[in-house]
Amino acid sequence: MAERAKLAVVTGASSGIGLELAKQCIEHGYDLIIASDTEEILEAAAVLRGLGGTVEAVQADLATRIGIDQLYTTVARQGRPVDVLMANAGRGLGEAFVDQDFADIQRVIDTNVFGTTYLLHRFLRDMRNRNEGKVLITGSIAGAMPGAFQAVYNATKAYVDSFAYALRNELKDTDITVTCLMPGPTDTDFFETADMLDTKVGTDKKDDPAMVAKKGFDAMMRGEGHEVTGFANKMQAMMANIMPDDALAEMHRKMAQPGTAKH
Ligand SMILES: NC(=O)c1ccc[n+]([C@@H]2O[C@H](COP(=O)([O-])OP(=O)(O)OC[C@H]3O[C@@H](n4cnc5c(N)ncnc54)[C@H](OP(=O)(O)O)[C@@H]3O)[C@@H](O)[C@H]2O)c1
């Protein structure tokens, strides 16, 4: 009997790291269900089909229960187990906390914290019942440091990073692996969406999303716990473990405060 094609679900696959993760899945023979909030997911699906992939696109707001249920139902309709789940959708937000619009703040928390948590709860139960599956969660090295002028975002990523480690431990006696991808600044739409193009971190040279995705995919396939991408980011993550939080917040201010861009 022919072996069935494996199925991967990738959230936030319309651009950036998620689109590159989806390309990795195709390269490794997975069929795909991809999701994001805007119509751009349909364009991404067309690009991925052009690479030879079998792709279903779901346009859904993954900051909401309804959106995640919509994705879950689409997957269930295929009647196939999910072999790989990549919880990657996320968004940032620059500026000083008190200057941010609260609706934007809530959107970051709902997408990164609520959405990631509910998505994992829905899909991990099925994996646990089958005792099979690989999960890649996109956290960030931002989660290791207090993010002055990106305070809410860094706090959400501290949640995501911590959550991923805890889930990995809870599932260690099963055949399910949980890997946390922890990129540093990466060249995607992230900084424009976060309104951070007038900051040092927003204008500095960044990592290639294709490289970041490949490292994350490979780490997931090896079943590793976490992957910090790039030497400079590994150093920064190490520093974050030994530097006092006040000093880390001050360092972050120098990268993320509006007006710090090098022109
Ligand atoms: N770029 C960096 O420097 C960096 C560093 C560390 C970690 N990360 C993390 O990497 C992940 C991917 O970000 P990226 O850098 O690739 O940025 P990106 O190009 O802006 O991609 C973000 C993706 O998330 C989707 N998304 C955002 N909110 C959503 C929502 N409510 N519902 C559904 N989809 C939603 C976007 O889709 P739509 O546009 O269609 O809404 C898009 O596909 C995020 O979790 C981010 O926190 C990024």
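Up top you'll find the structure we're talking about.
## Things to note about the packing of aromatic side chains
Next up, step 1: Per the stated rule, a full pass over the model turns up six aromatic pairs.
Next up, step 2: A ring pair is formed by Tyr72 and Phe123, whose centres lie 5.3 Å apart and whose planes are at 70°; its orientation type is edge-to-face. In this pair, Tyr72 is assigned in helix α3 (residues 65-77) and Phe123 in helix α4 (residues 102-130), connecting sequence segments 51 residues apart.
Next up, step 3: Under the relative-accessibility criterion, Tyr72 is labelled buried at 17%.
Next up, step 4: Plain terms: the ring middles of Tyr159 and Phe163 are 5.5 Å apart, the flat faces sit at 25° to each other, and that makes the pair stacked. Here the residue Tyr159 and the residue Phe163 both occupy positions in helix α5 (residues 151-170), the gap between them amounting to four residues, near one helical turn.
Next up, step 5: Ring-pair connections join several aromatic residues into one group, and the members of that group are Tyr153, Phe190 and Phe191.

## Focus on the side chain of Thr186
Next up, step 1: Within the element layout of this structure, Thr186 appears in the loop between β6 (176-182) and α6 (190-193).
Next up, step 2: Within the structure, Thr186 has its side chain in polar contact with the backbone oxygen of Gly184 (distance 2.7 Å).

## Examining the nonpolar core
Next up, step 1: Counting 38 residues, the largest nonpolar core has Leu71, Leu85 and Leu120 as its most contacted members.
Next up, step 2: One finds Leu19, Ile26, Ile34 and Ala213 within the second-largest nonpolar core, a separate group that totals 25 residues.

## Examining the site of the ligand
Next up, step 1: Around the ligand, the structure places 32 residues, and the nearest of them are Ser14, Ser36, Thr38, Tyr153 and Thr188.
Next up, step 2: Ile17 places a main-chain nitrogen or oxygen 2.8 Å from an oxygen atom of the ligand.
Next up, step 3: At 2.7 Å from an oxygen atom of the ligand is found a side-chain nitrogen or oxygen belonging to Tyr153.
Next up, step 4: Protein chains shield 95% of the accessible area of the ligand, which is 880 Å² for the free molecule.
Next up, step 5: At the level of secondary structure, the elements contributing two or more residues to the shell around the ligand comprise α1 (16-27), α4, α5 and α6.
Next up, step 6: When its residues are assigned to classes, the shell around the ligand shows 11 nonpolar, 15 polar and six charged.

The rules behind the values
- Residues numbered from 1 in each chain as written.
- Predicted model: local features only at pLDDT ≥ 70, side-chain atom pairs only at ≥ 80, totals over all residues.
- Heavy atoms only, no water.
- Phe/Tyr/Trp six-rings, centres within 6.5 Å; stacked < 30°, edge-to-face > 60°.
- Helix = DSSP H or I, 4+ residues; strand = E, 2+ residues; numbered from the N terminus.
- Buried < 20%, exposed > 50% of the residue type's maximum accessible area, 1.4 Å probe, protein only.
- Polar contact = N/O pair within 3.5 Å; in protein donor to acceptor, adjacent residues only side chain to side chain.
- Core = buried A, V, L, I, M, F, W, Y, C linked by side-chain atoms within 4.5 Å.
- Near = heavy atom within 4 Å.
- Areas by Shrake-Rupley, 256 points an atom, 1.4 Å probe, with all protein chains shown as cover.
- Nonpolar A, V, L, I, M, F, W, Y, C, P; charged D, E, K, R; others polar.

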